[in-house]
Amino acid sequence: MLSRNSSRVPPGVDLVVRSLRALLGPILGFWLFSRILKAYVGIDLPAVVVAVGAILTIPSVHALRITLHGLRVQREAKRLGAILPPRWDGNSPGNLDVLRHALERFANGYIGEGIWDRIEELDHLFSVDILWDCLYMSDDANVIKAILATDFVNFEKGDLFRGMLNSVLGTGVFNADGELWKFHRNMTRPYFSRDRISHFELFDVHAETAINRMKERFRGGHAVDFQDLILRFTLDSATEFLFGTCVRSLGSNLPYAHNDRTAPQVAGEVDEAEQFSRALLSAQSILAYRLRVGWAWGLLEFFKDKCKEHMRVIDAFLQPILEEAISKNRHATGGEQGTVENKAEEDETLLDHLVKITEDPTVLHDETLNILFAGRDTTAATLTLVVYMLCLYSDIFQRLRTEILETLGPTRTPTFDDIRQLKYLRAVINETLRVYPIVPFNIRVAARDTTLPNPTDPDGPRVFIPANTPVSYSVLMLQRRKDYWGPDALYFDPDRWLDERLNTYFTANPFIFLPFNAGPRICLGQQFAYNEISFFLIRLLQQFSHMELDLSAQPPDSLAPPEWAGAEGQKGKEKLIPRCHLTLSLQGGLWVRMTEAGQDGV
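Owing to the predicted nature of the structure, the values given are computational and were not obtained by experimental measurement. What you see as residue numbers is a count from 1 along each chain, following the sequence as written. Local features in a predicted model are, by the rule used here, given only for residues with pLDDT of at least 70; side-chain atom pairs are given and counted only at 80 or more, and totals for whole chains, interfaces and linings are based on all residues. Each side-chain value is derived from all of the structure's non-hydrogen atoms; neither hydrogens nor water enter the calculation.

A. Fine view of the side chain of Thr 432. When you line up the elements, Thr 432 lands in helix α16 (residues 423-435). Relative accessibility decides the category of a residue: with a 1.4 Å probe and only protein chains considered, values under 20% of the type maximum give buried, values over 50% give exposed, and everything between is partly exposed. By relative accessible area, Thr 432 is classed as buried at 1%. Discounting chain neighbours no more than four positions away, the residues touching Thr 432 are Thr 382, Leu 385, Val 386, Met 389, Pro 437 and Phe 492. Numbering of helices and strands starts at the N terminus; helices are DSSP runs of H or I of at least 4 residues and strands are runs of E of at least 2. Note on contacts: a residue pair is in contact if any heavy atoms of the two residues lie within 4.5 Å.

Here it is, written out as structure tokens:
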């Protein structure tokens, strides 16, 4: 089995050992002080006093370090002619009340509520100390532009972030910094450099299978969890795209709604495809929880890395594929390795391309798994949320379907040129990505002392950020700001991408729309994702003339609470609960019913 890059020491033990190293210094220091008192002054402190004093040195030294760090930050900010951002100070030690509020809103509130509640009040860039660790927060376009592009070299993923994700993502492109990141990026870039006809052929095969599975269920009078189905579609597409081997998760049993009487009768074995899919989802959920918990995640996995059992399932699928690809390449090339500049051939998979550059099994494993996560989850989430919007807004559905039928008719397979002509389709996708960016929150760490733009005074003093300080930025909050998108920013309206608002807002400031990241780390698969999303939606609307939510099939805890109904914007329109883990999804799935074209005379 492929070896992972994670430490063999259990996460909790590793955290405690590292913490003890930091704690032993103050304790030993006080003990030595007591020995010196006895030896040179003649004062023999009782053992109880020494023990209590040694213990008290821990918070005392920690408080001293915090104070000295604060003084250093003030001094460096002054030296650079910079200012410090506004602070969110809670009412309890370590801002525990702020932390509790953030966690409660994350669990029970609307996306963006909690730690982001005061972002406008605190001028769109503020600091907050959570358990005495400083964190910067921002939804300002110029700040985010600096982090992702203009000051890219001064911000990185950071050791803490990489450590939390290492047991799954290893050293892949999404979990690497510096030269290692450049290597992975350059290795993968040639494969995404142009559109490929073979991609559309791949989309068509799996889209047809997915739509046929939907038709079977609808004809039987059952609702379909579109979110589950589309995750299967993107998994099958992604595995064939990456490896030339499809996991065939669309062939596994689809779930039935909780209120469907058929459900108990069809419970059966979980096949390999379903095991693989569940392992991916479980590993992702664990990583998302680690990111919420922060540095203390190891305490919750004290004796065992919770990802290990899921990685065994994932690796069992990947290992034979990687070994076969390496063997095939050696036979074809005689063992000669290419370079990262190698051009990708039309008919080769991404793995075929990668093995020409390296045969290191860990590099191949980590890179393909990173791309698999990205290709599966982000595309599936976008398609799920587009269909959710089409169910909520029947007028948008009908207008989009009319555009598709007028351009392609009810059966013709779309081409690259067709997709480029479908302006309203692109507007619907973009508006979905604006209101529901698939990665709504992200984080970087300052690699060294530096400064950020001042949101309240772009021409005034910049804002100082000390080395090793994480800065969380929210594309969700950015893309819903009224000062960036106009007074209707909170509402879903695809026409904003077609009328005068496009030039007024987006064209004038492109950094207010960042669904695919920006700068050197911008998503290499952006056009691939647009093509896959567009292709599937075209095929779906060619086949179905009506779609609607089946709220009775939704799990009760997935329905939007009644108090949201009076809220401004999209929050007031929600029927379901959007949730964010690593990516956005709908809690409890997206249970829908659709009418096949022709059955209603349309």
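B. View of the pairing of strand β12 (residues 591-596). Only strands that DSSP links by at least two bridges are regarded as paired with each other. With two bridges connecting them, strand β4 (residues 224-225) and β12 associate as antiparallel partners. Bridging from a neighbouring strand, Val 224 pairs with Val 592 of β12.

C. Structural detail: the nonpolar core. By size, the foremost hydrophobic cluster in this structure holds 157 residues, and its most contacted members are Phe 226, Phe 536, Leu 540 and Met 594. Sort the elements by how many residues they give to this core and helix α13 (residues 361-392) lands first, with 16 residues. Apart from residues lying up to four places away in sequence, Leu 540 is in contact with Ile 211, Met 214, Phe 226, Val 387, Met 547 and Met 594. Buried residues of nine kinds, namely Ala, Val, Leu, Ile, Met, Phe, Trp, Tyr and Cys, make up a nonpolar core once their side-chain atoms join them within 4.5 Å.

D. Structural context of the sheet that holds β4. The sheet built from three strands is open, its strands ordered β4-β12-β9 with antiparallel pairing. Two strands bound the open sheet, and with one partner strand each, they are β4 and β9 (544-549). In this description, a line fitted to the C-alpha atoms serves as the axis of each element, helices being fitted only across the stretch in contact, and the angle between N-to-C directions of two axes falls anywhere from 0 to 180 degrees. Lying over the sheet, α13 contacts β9 and β12, oriented at roughly 90° with respect to β9. Where helix α20 (residues 526-543) meets the sheet, its contacts fall on β9 and β12, and the angle it forms with β9 comes to roughly 100°.

E. Inspection of helix α8 (residues 226-243) at higher detail. Expected span of a helix, by definition, is 1.5 Å for each gap between consecutive residues, and there is one gap fewer than residues. The terminal C-alpha atoms of α8 lie 25 Å apart, and with 18 residues this matches the ideal 26 Å at 1.5 Å per residue to within 8%. Counting buried residues in α8 gives 16 out of 18 residues, a clear majority hidden from the surface. Any pair of nitrogen or oxygen atoms within 3.5 Å is treated as a polar contact; in protein, a donor-acceptor pairing is required on top of that, and neighbouring residues in sequence qualify only through side-chain atoms on both sides. Regarding α8, its N-cap is Asp 225, as a side-chain oxygen of that residue lies 3.1 Å from the backbone nitrogen of Gln 227 further along. The first or second residue beyond α8 is Gly 244, which carries a positive phi of 75°.

F. Layout of unusual backbone geometry. The residue His 124 is not glycine, and still its phi comes out positive at about 70°. Residue placement: His 124 occurs in the loop between α3 (96-108) and β1 (125-130). Even without being a glycine, Asn 517 presents a positive backbone phi close to 70°. Relative to the helices and strands, Asn 517 resides in the loop between α19 (501-507) and α20.

G. The arrangement of the environment of Trp 116 in detail. Relative to the helices and strands, Trp 116 resides in the loop between α3 and β1. Along the primary structure Trp 116 and Met 137 are separated by 21 residues, whereas in three dimensions their C-alpha atoms are 7.9 Å apart. In this structure Trp 116 touches Met 137, Ser 138, Asp 139, Phe 441, Ser 472, Tyr 473, Ser 474 and Met 477, once residues within four positions along its chain are discounted.

H. Examining the environment of Gln 554 more closely. The residue Gln 554 is located in the loop between β9 and β10 (578-580) in this model. Excluding its chain neighbours within four sequence positions, the residues that come into contact with Gln 554 are His 258, Leu 559, Leu 576, Gln 587, Gly 588, Gly 589, Leu 590 and Trp 591. Reaching out from Gln 554, the side chain makes a polar contact with the backbone oxygen of Gly 589 at a distance of 3.2 Å.

I. Up close: the packing of aromatic side chains. Put simply, two rings from Phe, Tyr or Trp (the six-membered ring, in Trp's case) pair if the centres are within 6.5 Å, and we call them stacked under 30 degrees between planes, edge-to-face over 60, tilted for the rest. For the coordinates displayed, the defined rule picks out 24 aromatic pairs. Between Phe 233 and Phe 536, the aromatic rings sit 4.7 Å apart at their centres with planes inclined by 50°, giving tilted as the arrangement. Remark: Phe 536 occurs in helix α20 and Phe 233 occurs in helix α8; sequence separation between them is 303 residues. Between Phe 276 and Phe 317 the ring centres are 4.3 Å apart and the planes differ by 40°, which places this aromatic pair in the tilted class. In this pair, Phe 276 is assigned in helix α9 (residues 272-293) and Phe 317 in helix α11 (residues 308-333), connecting sequence segments 41 residues apart. Taken individually, Phe 276 and Phe 317 each receive the classification buried, so the pair is uniform in this respect. Cluster of aromatic residues (ring-pair linked, three or more members): Phe 200, Phe 203, Phe 241, Phe 416, Phe 528 and Phe 535. A positively charged side chain is recorded as over a ring if its NZ (Lys) or CZ (Arg) lies within 6 Å of the ring centre. The angle to the ring normal must also be within 35 degrees. The ring of Tyr 256 has Arg 217 lying over it, and the distance from NZ or CZ to the ring centre is 3.6 Å. Lying over the aromatic face of Tyr 530, Arg 426 brings its terminal NZ or CZ to 3.5 Å of the ring centre.

J. Representation of the pairing of strand β8 (residues 470-474) in the model. Along β8, five of the five residues are buried, which leaves the element largely enclosed by surrounding structure. Here β8 shows two buried faces, one formed by Pro 470, Ser 472 and Ser 474 and the other by Val 471 and Tyr 473. Where strand β2 (residues 133-138) lies against β8, three bridges are found, and the strand directions are parallel. If you follow Tyr 136 over to β8, its bridge partner there is Val 471.

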